[in-house]
Amino acid sequence: MSKASAQTAAAPLEAARPAARVMVLCCLIVFMAQMATTVYLPSLPAVMRELAMSQSMVEMSISGFVVGAALPVLFWGSAADRWGRRGPLLVSLALFVLCSALLAAVGSAAELLALRVLQGIAAGGAAIIARIIVRDNWSGDELARRLSVLSIAFITALGGGQFIGGLIGEYSRWQLGFVLMAATGSFAALLSMSLPLQGGRPPAARRGGSPYWQILRRPGFVLPACAGGLGFATTVTLQEVSPFVFQEHFGLAVASFGNIGLLIGLAYFCGAMTVNRTVAKLGGKTLMRAGALLMAAATVAMLLCWHLGALEAGAGLLLFVGLYCLTIFGQAVLFPNSMATAVSDAKDHGAHAMALCGFLQQGLAGIAATASVLLHHNGAWTLAVAALGLITLMQVLFQARLRAA
């Protein structure tokens, strides 16, 4: 092989290396942001006892994180557009590391709740900038495929984080989970400094009115973004109530609850891989409808089975886990396709489109998580998740009808 031929063959490999490292960074950040909740889930009853909190108050440490992640997302998007991706990313990661370290030494309920909101603000900023970075590099169905890879990182944290949290709850103290989060955030910051990231846009390119208002006027953006947010809200509500359902209703030990996280993670992994392998053939919109249909069917079945007394004892536990996993699988199929569909419709708006999509999705999830705290856990939560599942499906079908018209 000639020297020119060897250089030609090596060029794609050289081009692929930064792309692979970008995906590693973005996956690590998404993993970190989700694990900040799941590693803590198995210990919620222990935290409630240790800090003398009510069940509703300790659940607020979950919904407070979700709301904190949602509220400043538009600011993070504007910051990434104005100053580039690196600076805002490093600021958000530094805040995340600081809050995680302080949470490891928290001594009161008030401190816990305040720091969880701040940790959510940081995690939401880092996660949305990670998705903006992915949007910078890919578009269309390839963007959906790359976002499905981020979903794999998400489910690794969803299942693996709950499993690790179960081990921590069984053999150590819950604060150790936050120490792990501080270390993960520090590593992500170091990795980001070694990668080429897009800079900010010049002032002339940022003129022309509010980009967020312009994007909101596009039904092709708003409808799929909200559908993904409603699906996310369904899974967040299940996450928030699941420690008490599994440990109090079914009588599972902390470690056993952590093990169930592996099954939940496997369900999300299968959904993400389904998107990764089939999106080029079936298209994102078809997969989005399929995911919403699965979520609606599983959550309605959960509601019926609970109130018919089918979710009792060992057989009921297996049935509940199966329906939980089916809901998670549907969300894994729905979420990356809804996000890719939304931001591809507003592809000229770059960071702002991804930030607004994240805001709508995190905001809907935060509202649902906060509302679920007000429910008494005698089965009212099943009505909430079933309603969210059905509304998600109706939103997706309504979008498809508008598009056909």
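Shown above is the structure to which this text applies.
This structure is a prediction, so every number in the text was calculated from the model and none was measured.

Explain helix H4 (residues 73-83) to me, using residue names and the numbers behind them.
Turning to H4, its buried residues are Val73, Trp76, Gly77, Ala79, Ala80 and Asp81. Looking at the residues trailing H4, positive phi occurs at glycine 84, about 90°.

Account for the environment of glycine 316, naming residues and giving values.
By the element assignment, glycine 316 lies in helix H13 (residues 313-345). Residue classification places glycine 316 among the buried positions, given a relative accessible area of 0%. Separated by 66 residues in sequence, glycine 316 and phenylalanine 250 have C-alpha atoms that sit 8.7 Å apart. The residues touching glycine 316, leaving out its near neighbours within four places in the chain, are Phe250, Ala310 and Leu311.

Describe the pattern of salt bridges, and please don't skip the residues or the numbers.
In this structure the tally under the stated criterion is 4 salt bridges. Residue arginine 146 pairs with glutamate 142 through a salt bridge whose shortest N-O separation is 3.0 Å. With arginine 146 and glutamate 142 both in helix H7 (residues 140-171), this residue pair falls 4 residues apart, about one helical turn. Residue classification places glutamate 142 among the partly exposed residues on the basis of a relative accessible area of 28%. The network of salt bridges with common partners includes Glu142, Arg145 and Arg146.

Just give me the short version of unusual backbone geometry, but keep the residues and values in it.
Phi is positive for alanine 52, close to 55°, though the residue is something other than glycine. With respect to the helices and strands, alanine 52 occurs in the loop between helix H2 (44-50) and helix H3 (55-70). Here alanine 52 falls in the exposed class, since its relative accessible area comes to 70%. Positioned with a positive phi, alanine 313 is a non-glycine residue whose angle comes to about 60°. Positionally, alanine 313 belongs in helix H13.

Would you mind going over helix H5 (residues 86-103) in detail, with residue names and values included?
With 18 residues, H5 extends 26 Å between its outermost C-alpha atoms, agreeing within 8% with the 26 Å of an ideal straight helix rising 1.5 Å per residue. Those residues of H5 that fall on the buried side of the exposure criterion are Pro88, Leu89, Ser92, Leu93, Phe96, Val97, Cys99, Ser100 and Leu103.

Kindly report on the side chain of serine 61, identifying the contributing residues and their values.
Tracing the sequence through the fold places serine 61 in helix H3. Exposure remark for serine 61: the relative accessible area of 0% places this residue in the buried category. A polar side-chain atom of serine 61 sits 2.8 Å from a polar atom in the side chain of tyrosine 40. Contacts of serine 61, omitting those with residues within four sequence positions, involve Tyr40, Leu44, Leu112, Leu113 and Arg116.

Kindly report on the environment of tryptophan 174, identifying the contributing residues and their values.
The residue tryptophan 174 is located in the loop between H7 and helix H8 (176-192) in this model. Separated by 128 residues in sequence, tryptophan 174 and alanine 46 have C-alpha atoms that sit 8.1 Å apart. Setting aside chain neighbours within four positions, we find tryptophan 174 in contact with Ser43, Val47, Glu50, Leu51, Leu103, Val106 and Ile168.

If you had to explain the nonpolar core to someone new, which residues and values would you point to?
One finds Tyr40, Leu89, Phe221, Phe246, Phe320 and Trp381 to be the most contacted residues of the largest nonpolar core, which totals 119 residues. If one sorts the elements of this core by residue count, H13 sits on top with 14 residues. Membership of the second largest hydrophobic core comes to 8 residues, among which are Ala227, Met288, Ala292 and Val396.

Criteria and cut-off values
- Residues numbered from 1 in each chain as written.
- Predicted model: local features only at pLDDT ≥ 70, side-chain atom pairs only at ≥ 80, totals over all residues.
- Heavy atoms only, no water.
- Buried < 20%, exposed > 50% of the residue type's maximum accessible area, 1.4 Å probe, protein only.
- Helix = DSSP H or I, 4+ residues; strand = E, 2+ residues; numbered from the N terminus.
- Contact = heavy atoms within 4.5 Å.
- Salt bridge = Lys/Arg side-chain N within 4 Å of Asp/Glu carboxyl O.
- Expected span 1.5 Å × (residues − 1).
- Polar contact = N/O pair within 3.5 Å; in protein donor to acceptor, adjacent residues only side chain to side chain.
- Core = buried A, V, L, I, M, F, W, Y, C linked by side-chain atoms within 4.5 Å.

By themselves, these figures tell us nothing about what the structure is for.
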